Amino acid sequence: MQSSTLPPQQQKNNGRSSSSKFIFVIGGVMSGLGKGVTTSSTARLLQLAGYKVSCVKIDPYVNYDAGTMNPVAHGEVFVTDDGGECDMDIGNYERFIDTSMTKDHNITTGRIYMDVIAAEREGKYLGQCVQIIPHVTDAIKANLRRIAEKEKLDIMVVECGGTVGDIESLPFLEAFRQMALEVGRQNTLFIHVTLAPVLDVVGEQKTKPTQHSVQELRRIGIQPDIIAVRCKTPLTPDARRKISLFASVEQQNVISCHDAPSIYKVPEVIESQGMLKVVSQGLSLKRSKPKWGDWKKVASSFSNYDGSVRIAVVGKYVTLPDSYVSVYHALSHAGAGIGKKVEIDWIDSEKFENGGEKKIASLKEYQGVLAPGGFGKRGSEGIISAANFARENNIPYLGICFGFQLAIVAFARHVCGMAGANSTELDPHTKNPVVDFMPEQRNVHDMGGTMRLGGHNIAVAPKTLAHRLYGATTIRRRHRHRYEFNQNYLDAVTKAGLVLSAHSDSGRRMEILEIPDHKFYFAVQYHAEFSSRPGKPEQAFDAFVKAAARS
Ligand code: GLN
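As the structure is a prediction and not an experimental result, all values here were calculated from the model.

For the ligand, the full set of nearby residues is Gly373, Gly374, Phe375, Cys401, Phe402, Gln405, Glu425, Arg480, His481, Arg482, Tyr483 and His527. Separating an oxygen atom of the ligand from a backbone N or O atom of Arg482 is a distance of 3.0 Å. For the ligand, an oxygen atom lies 2.9 Å from a polar atom in the backbone of Tyr483. For the ligand, the protein covers 99% of the area, taking 300 Å² as the surface of the free molecule. For the shell around the ligand, the elements supplying multiple residues, two or more each, are α15 (402-414) and β17 (474-481). Split into classes, the residues belonging to the shell around the ligand amount to four nonpolar, five polar and three charged.

So, in structure tokens, the structure goes:
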């Protein structure tokens, strides 16, 4: 590698001095194999062995970030504390290694090209012809090294989205290949995640897709060190032997990633086959034993249930449960905490509109109603009805962001008698704009990265339910919104019994609402779901599921 090909600000990061080691997780065969869980579980094991570890997700699409992508097509947009709108895998990493990540941990083709083009415009390439190799690959490597050095990581686990053979991911895989050359083979490890399908009930596990996928990886110069094979039941000795032979890795380096009772069991599944030993050999690490602490107990709590709690999630993007994946996990963390399985029905809020109004009574079958985040008019009346029905029928309710705003609309209409009250997002001409555009959003025209994003400190009022739940007068939670409660209506709603129990930005923004004399009616402007962890459920979710379990 010629470091002279780099703009000067990247050169210092691209020397051979990096003391961090790198694990690259590359998918094969098809998408949706759970590469994110393999990545998170490997990182968790290394963390349990005492290493400072973090993860990076590479998304080879050209978007700058996930913020402008449709949640129903791509899954949830996960928000980091520093305001990044990231791929949902970042959420998986945070839940597994309980570490808050910055937006740099999600690298896209768009971000890399933005860096390269900006440097070119500034004249930093000193007249060179700017090319994918070396300039784009150098920018990729520089980004990875910068994070590893800044965070003083022992090991960085880098997951590349998509599968080997995708045109979009080629520059990234090439950068990984170069990285192994630069930081040394003893400091890099390649894990290839593949699939061993079984075509009928009694059939054998097929290894051919893995063989082809490994060939494809080798064709671009990467020999995998570990093959992590997704399969329904544990990989048979015969399949393991074949994969070892064709992929040219020792049998102990073929790891069976068979179905587990919960994702949090995967670290144990892979460790029972000697994962840490193999990784430690590959990376010349000294410690190769995990200190489990309470991890096994927490992981088991996701499969040892005593009863269940039925929750209706009434939202707009229910056709793809991944679009609310952190909500799902936050509910399951809270359920596991009290030994209850949370049974979720994902209900399309449009079902309660346009002639379906009577169907709202079906919410009586649930012990709790949750209204998650959302944007735009379609389906909003259904959510308003659900928020109202839960209030009138004393059904525990948790509203998140859109679910907070629409609970206010429901309250204004049905308790304060302001017919037609609305959010200006849904009815710009409403007479009673109880939820309105944030003033600083008025002159914003770009869609990407312009909402009120990320972590903000929130002041919680003493002697409120919020204060009892959080046990603190200041909390910090993550946001992603353009609209907010219009405080011109503060007196009116307060007089009618709504308690606004937390605020931020020196009182300019309301963050929590609650209704006393209700089993549990609680809604938050922030996205509480992003702060929940296995064994440490976010407090609003915890209290909601507990209230639901009691009702
Ligand atoms: N659409 C609402 C807003 O922009 C709510 C956003 C959300 O639920 N994330 O304020």
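In this numbering, the UniProt entry assigns the feature "binding site: ATP" (unreviewed entry) to Gly32, Leu33, Gly34, Lys35, Gly36, Val37, Asp89 and Ala260. Residue position: Leu33 is located in the loop between β1 (21-27) and α2 (35-48). When near neighbours in sequence (up to four residues on either side) are disregarded, Leu33 contacts Gly28, Val193, Thr194, Leu195 and Arg230. Structurally, Gly36 is set in helix α2.

For the rest of this paragraph, the subject is the pairing of strand β13 (residues 397-400). Side chains Tyr397 and Gly399 of β13 all project onto a buried face; the interleaved residues Leu398 and Ile400 project onto the opposite face, where all are buried too. When strand β12 (residues 368-371) meets β13, the two strands line up parallel, connected through three bridges. Bridged to Ala371 within β13 is Gly399. Each parallel crossover has a hand, and the one from β12 via helix α14 (residues 380-392) to β13 is right-handed. With four bridges joining them, β13 and strand β21 (residues 521-524) adopt parallel strand pairing. Residue Leu398 lies in a different strand from β21, and its bridge partner there is Phe522.

Quick look at the UniProt feature "domain: CTP synthase N-terminal" (unreviewed entry) in the protein now. Annotation from UniProt places "domain: CTP synthase N-terminal" (unreviewed entry) at residues 21-285. Spanning residues 21-285, this segment combines 42% helix with 18% strand, and its end C-alpha atoms are found 10 Å apart.

Further remarks concern the sheet that holds strand β9 (residues 254-258). Neighbouring strands of a sheet are bound in pairs by backbone hydrogen bonds; such pairs are parallel or else antiparallel. Strands sit in the order β5-β2-β6-β1-β7-β8-β9 across an open sheet of seven strands; the sheet is parallel. What marks the edges here is a single partner per strand, and that holds for β5 (106-108) and β9. The mean angle between the axes of side-by-side strands here comes to 20 degrees, regardless of whether they run parallel or antiparallel. Bridge analysis of strand β7 (residues 188-195) against strand β8 (residues 226-231) gives five bridges, and the strand direction is parallel. Of the residues in β8, the one forming a bridge with His192 is Ile227. Against the sheet, helix α8 (residues 208-219) makes contact with β1, β7 and β8, and its axis sits at roughly 145 degrees relative to β7, the strand it touches most. Lying over the sheet, helix α11 (residues 275-283) contacts β1, β6 (155-163), β7, β8 and β9, oriented at roughly 140 degrees with respect to β7.

Mapped onto the elements of the fold, Ser532 is located in the loop between β21 and α18 (539-550). Only 3.2 Å separates the side chain of Ser532 from the backbone nitrogen of Glu538, close enough to count as a polar contact. Ser532 has contacts with Arg95, Ala330, His333, Pro537 and Glu538, leaving out every residue within four places of it along the chain.

To describe a pair of aromatic rings, you give the distance between the ring centres and the angle between the ring planes. The full count for this structure, using the stated rule, is 14 aromatic pairs. On the numbers, 4.8 Å between centres and 65 degrees between planes, the contact of Phe78 with Phe530 is edge-to-face. Within this pair, whereas Phe78 is found in strand β3 (residues 78-79), its partner Phe530 is found in the loop between β21 and α18, the two being separated by 452 residues in sequence. Phe530 shares its class with Phe78; the two are buried. Aromatic ring contacts, followed pair by pair, group Phe22, Phe24, Phe176 and Phe190 into a single cluster. The ring of Tyr51 has Arg287 sitting right over it, with the charged end atom 4.3 Å from the ring centre.

So, how was this worked out
Residues numbered from 1 in each chain as written. Predicted model: local features only at pLDDT ≥ 70, side-chain atom pairs only at ≥ 80, totals over all residues. Heavy atoms only, no water. Near = heavy atom within 4 Å. Polar contact = N/O pair within 3.5 Å; in protein donor to acceptor, adjacent residues only side chain to side chain. Areas by Shrake-Rupley, 256 points an atom, 1.4 Å probe, with all protein chains shown as cover. Helix = DSSP H or I, 4+ residues; strand = E, 2+ residues; numbered from the N terminus. Nonpolar A, V, L, I, M, F, W, Y, C, P; charged D, E, K, R; others polar. UniProt positions renumbered as here; feature names shortened; annotations may be inferred. Contact = heavy atoms within 4.5 Å. Buried < 20%, exposed > 50% of the residue type's maximum accessible area, 1.4 Å probe, protein only. Pairing = 2+ DSSP bridges. Right-handed = clockwise from strand over helix to strand, strands pointing away. Axes fitted to C-alpha atoms, helices over the stretch in contact; angles between N-to-C directions. Phe/Tyr/Trp six-rings, centres within 6.5 Å; stacked < 30°, edge-to-face > 60°. Lys NZ or Arg CZ within 6 Å of the ring centre and 35° of its normal.

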